[in-house]
Amino acid sequence: MTRTGIRDAQLNRLWGAVCVSGGIFLLLWALSWLNANVLNEDLQNRCEDLHTADFLFEKSCTHADGSVEGANSVLLDGPFFGSLAVGAACLTAALVLEGVRRK
């Protein structure tokens, strides 16, 4: 394989990683929105200590006994922010390779 072919293959893999991580990011954002606005829509009616977040949609309630209801799982938050970081890193690398390639 030629040097140009190898560089093209690397760029294709990087753009693929950007698309996949962006898809994961959007899917988890949609799941978070569904959790906050569909499943926990009436949480504000039965909770005195309601917590809300706008970026990663969340409505959670802390009860008097210390239990939390409606919060996003760590299993959702970790991949959400991880896919954002991976997407940003791959996008940066792809743009740098595109810039080097065009010179």
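The structure this text deals with has already been given above.
I will try to describe carefully the structure that is included in this document. (Residues numbered from 1 in each chain as written. Predicted model: local features only at pLDDT ≥ 70, side-chain atom pairs only at ≥ 80, totals over all residues. Heavy atoms only, no water.)

Quick word on the environment of S32
- You can see S32 is positioned in helix α1 (residues 3-39).
- Judged by relative accessible area, which is 0%, S32 ranks as buried.
- Residues S32 and N72, 40 residues apart in the sequence, show an inter-C-alpha distance of 6.9 Å. (Helix = DSSP H or I, 4+ residues; strand = E, 2+ residues; numbered from the N terminus. Buried < 20%, exposed > 50% of the residue type's maximum accessible area, 1.4 Å probe, protein only.)

Digging into the state of the cysteines
- A full pass over the atoms with the stated rule returns 1 disulfide.
- Note that C47 is cross-linked by a disulfide to C61, the S-S spacing being 2.0 Å. Handedness of the C47-C61 disulfide follows from its S-S torsion of about 95°: it is right-handed. Taken as a pair, C47 in the loop between α1 and β1 (50-53) and C61 in strand β2 (residues 58-62) lie far apart in primary sequence, 14 residues in all.
- Residue classification places C61 among the buried positions, given a relative accessible area of 2%.
- Among the cysteines around C90, which has no disulfide bond, C19 carries the closest sulfur, lying 10 Å off. (Disulfide = S-S within 2.5 Å.)

Everything listed here is a matter of coordinates, which is why it stays silent on function.
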